[in-house]
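Coordinate inspection notes
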Amino acid sequence: MSTSTHAHDNHGHDAHDHGPPAGFTRWMYTTNHKDIGTMYLWFACFMFFLGGTMALGIRAELFKPGLQFFDPEFFNSLTTVHGLVMVFGAIMPAFVGFANWLVPLQIGATDMAFPRMNNWSFWLLIPAALLLIGSFFVPGGAAASGWTLYPPLIIQQGMSVDMTILAVHLLGASSIMGSINIITTILNLRAPGMTLMRMPLFVWTWLITAYLLIAVMPVLAGAVTMLLTDRHFGTSFFNAAGGGDPTMFLHIFWFFGHPEVYIMILPAFGIISQILPAFARKPLFGYASMVYATASIAILSFIVWGHHMFTVGMPAAGNLFFMYATMLIAVPTGVKVFNWIATMWKGEMTFETPMLFAVGFLSLFTIGGFTGLVLAMVPVDITLHNTYYVVAHFHYVLVSGALFAIIGGVYFWLPKWTGHMYNEGLGKLHFWLSMIGFNVAFFPQHFLGLAGMPRRIPDYALQFAEWNMWSSIGAFLFGFSQLIFVYNVVSTIRSGKKAEQKQWEGADSLEWTHLPTPMPYHTFETPPVLK
Amino acid sequence: MPAMAHKPETTPEQRKRSLVSAIALAVVALGIYAVVILKFFVYK
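Residues numbered from 1 in each chain as written. Chains lettered and ligands numbered in written order. Predicted model: local features only at pLDDT ≥ 70, side-chain atom pairs only at ≥ 80, totals over all residues.

**Digging into the overall build of chain B**
Assigned secondary structure in chain B consists of one helix and zero strands. Across the 44 residues of chain B, 18% fall into the buried class. (Helix = DSSP H or I, 4+ residues; strand = E, 2+ residues; numbered from the N terminus. Buried ≥ 20, exposed ≤ 12 C-beta atoms within 10 Å, placed from the backbone.)

Quick look at the structure:
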């Protein structure tokens with residue numbers, strides 16, 4: 001949505017503008033939202049490759065039937081830590097990186113409301129990551145119960161579980177502090193004239209996401225604290241042997257876990273809602289309905305957790321409630337997909353790399369959404385539960401959904417951030433290899449799931465061999481094609497054609513219309529004038 | 001002036017409102033955590 005009704009000249013505002021100090025202290029002590037955003041994004045990139053390496057280990061093991069490389073226990077650790085790293089270490093920090101970079105710029109604020117807490121939020125991630133990675137090297141190996149940390153298995157494992165629980169606490173504290181900062185910044189530091197309903201969609205999606213985080217991260221923290229007391233302090237919350245109920249953990253975990261899915265996808269919706277209008281050269285269709293749809297999805301996300309546990313024996317009325325509530329989410333999601341398509345309709349579209357990833361997102365995320373509806377049906381889910389169909393479904397949502405949006409967003413804002421234009425040819429190559437690799441990796445997993453292949457197993461029956469082979473080939477193609485992305489980003493930072501202030505013709509948020517390229521270290525010290 | 005000592009130029013009113021918002025949100029987060037934990041500890 002256009003907010004720049006008056007092109008305020010910001011070039012001369014920074015009479016005392018200065019560059020950052022050099023060396024490690026710049027990054028250690030920085031309170032600058034751009035620096036902290038950059039650190040979040042690089043951290044997420046590192047964790048993405050770490051989690052990706054684990055994924056390739058999993059796919060290498062599954063390339064053919066039989067045990068090739070790993071013992072089953074280590075295989076389970078790989079699937080568990082892969083999930084934890086990707087969810088908490090890659091996708092979430094990447095979106096927080098975008099929020100740090102873009103929220104102050106898009107609302108005309110000089111920085112986040114609490115810059116020191118912002119710094120602390122980031123640096124808490126490092127010990128959390130070290131705990132997760134280090135858990136592989138303690139006796140018994142890393143946690144092997146899946147990223148959902150289900151008891152009773154998780155209660156019986158070694159000290160790596162305690163490391164994982166501490167890591168989850170740290171990551172949760174970091175997320176809550178980051179969310180407080182984002183909400184406070186958006187509500188209090190908007191430039192004069194930047195009303196809530198004039199904010200870019202990315203800011204709106206993050207405002208709603210931050211409320212979701214504050215509501216559900218403490219629930220996860222409570223659940224894992226109780227796991228800890230079950231393990232070490234003689235309680236039996238989730239231990240049936242002591243009168244506890246493992247199913248109760250599932251309820252608490254998924255009360256966090258389903259909103260968490262939207263925490264990982266709503267900011268992606270925001271990024272896509274910025275990219276599509278820019279390359280369609282049209283305003284976003286149905287801005288207000290996009291805001292209300294985002295809020296509706298967030299609210300509904302609190303009443304659908306039971307669809308993750310249709311097989312635990314809930315009453316039929318409970319199953320029906322969760323089934324219908326889940327299907328209801330298709331309505332606001334459909335509104336968003338409709339609006340994105342309507343935005344492109346009769347637009348003067350061009351297909352630079354960010355637009356390619358946005359269109360890729362739109363088509364593949366919709367497939368992931370539809371398979372979500374399939375899984376929402378109780379009788380179908382009882383058959384498909386814990387099969388590769390579920391694995392295919394959530395990878396279509398989180399990889400071709402969240403990750404494609406992150407990559408598209410990086411290409412979109414990279415010229416603004418660095419002052420250089422990336423290599424378009426390499427960007428397009430990266431997109432097409434990712435698109436092919438991703439679909440070859442994950443589409444066959446639908447067939448495997450429908451045929452009955454369970455998830456989280458290192459070996460499988462011969463009937464599943466062929467599609468597993470294709471899935472592994474696709475996974476390696478997708479994984480290695482991401483090296484093109486890293487090369488493109490690094491080479492853009494170091495050199496490249498000079499980017500223009502408004503690199504994309506249709507981009508209309510404040511960072512494009514009011515700030516030079518590259519941006520000064522401190523921006524909007526004088527709030528922009530918006531009519 | 002070193003960058004790390006840079007102070008964002010917010011008004012006292014903005015700072016006050018930001019602090020109130022942050023405290024309220026932190027209380028909500030801690031409250032939810034306490035409710036989850038205490039519900040089960042008290043029940044047990």
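There's more to say after this.
**Quick look at unusual backbone geometry**
Residue and element names in this part refer to chain A. Cis peptide bonds are those with omega within 30 degrees of zero, and the linkage from P151 to P152 qualifies with 5 degrees. Among the secondary structure elements, P152 is positioned in the loop between α5 (125-134) and α6 (153-156). Geometrically, the link from T517 to P518 is a cis peptide bond, its omega value of -5 degrees lying close to zero. Its place among the elements puts P518 in the segment after α19 (510-513).

**Some words on the nonpolar core**
Grouped together as the largest cluster of nonpolar side chains are 184 residues, with contacts concentrated most on I91(A), A223(A) and I272(A). Residue contacts for I272(A): discarding those within four places in its chain leaves W340(A), A358(A), F361(A) and A405(A). (Core = buried A, V, L, I, M, F, W, Y, C linked by C-beta atoms within 7 Å. Contact = placed C-beta atoms within 7 Å.)

**Here's the deal with the interface of chain B and chain A**
Taken residue by residue, the interface counts 23 residues in chain B and 34 residues in chain A. A breakdown of the residues in the side of chain B that touches chain A according to their chemical character gives 15 nonpolar, five polar and three charged. (Nonpolar A, V, L, I, M, F, W, Y, C, P; charged D, E, K, R; others polar.)

**Section: the confidence of the model for chain B**
Residues and elements named next belong to chain B. On average, residues of chain B carry a pLDDT of 81, and 77% of them reach 70 or more. Throughout residues 1-5 the model reports pLDDT below 50, and contacts reaching past four residues in sequence, or to other chains, amount to 14 contacts. Predicted as a complex, the structure gets a pTM of 0.93 and an ipTM equal to 0.86. (pLDDT = per-residue confidence, 0-100.)

**Here we look at the packing of α5(A) against helix α7 (residues 159-188) of chain A**
Residue and element names in this part refer to chain A. α7 packs onto α5 with a crossing angle of 155 degrees between their chain directions and a minimal axis gap of 8 Å. Overall, the two elements α5 and α7 adopt an arrangement that is roughly antiparallel. α5 and α7 meet at a crossing whose hand is left-handed. Counted together, L125, P127, A128, L131, L132 and G134 of α5 and M163, T164, L166, A167, L170, L171 and S174 of α7 form the full contact between these two elements. For the contact of α5 with α7, the per-class residue count stands at ten nonpolar, three polar and no charged. (Axes fitted to C-alpha atoms, helices over the stretch in contact; angles between N-to-C directions. Parallel < 35°, antiparallel > 145°, perpendicular 65-115°, else oblique. Left-handed = near helix turned anticlockwise from the far one by under 90°.)

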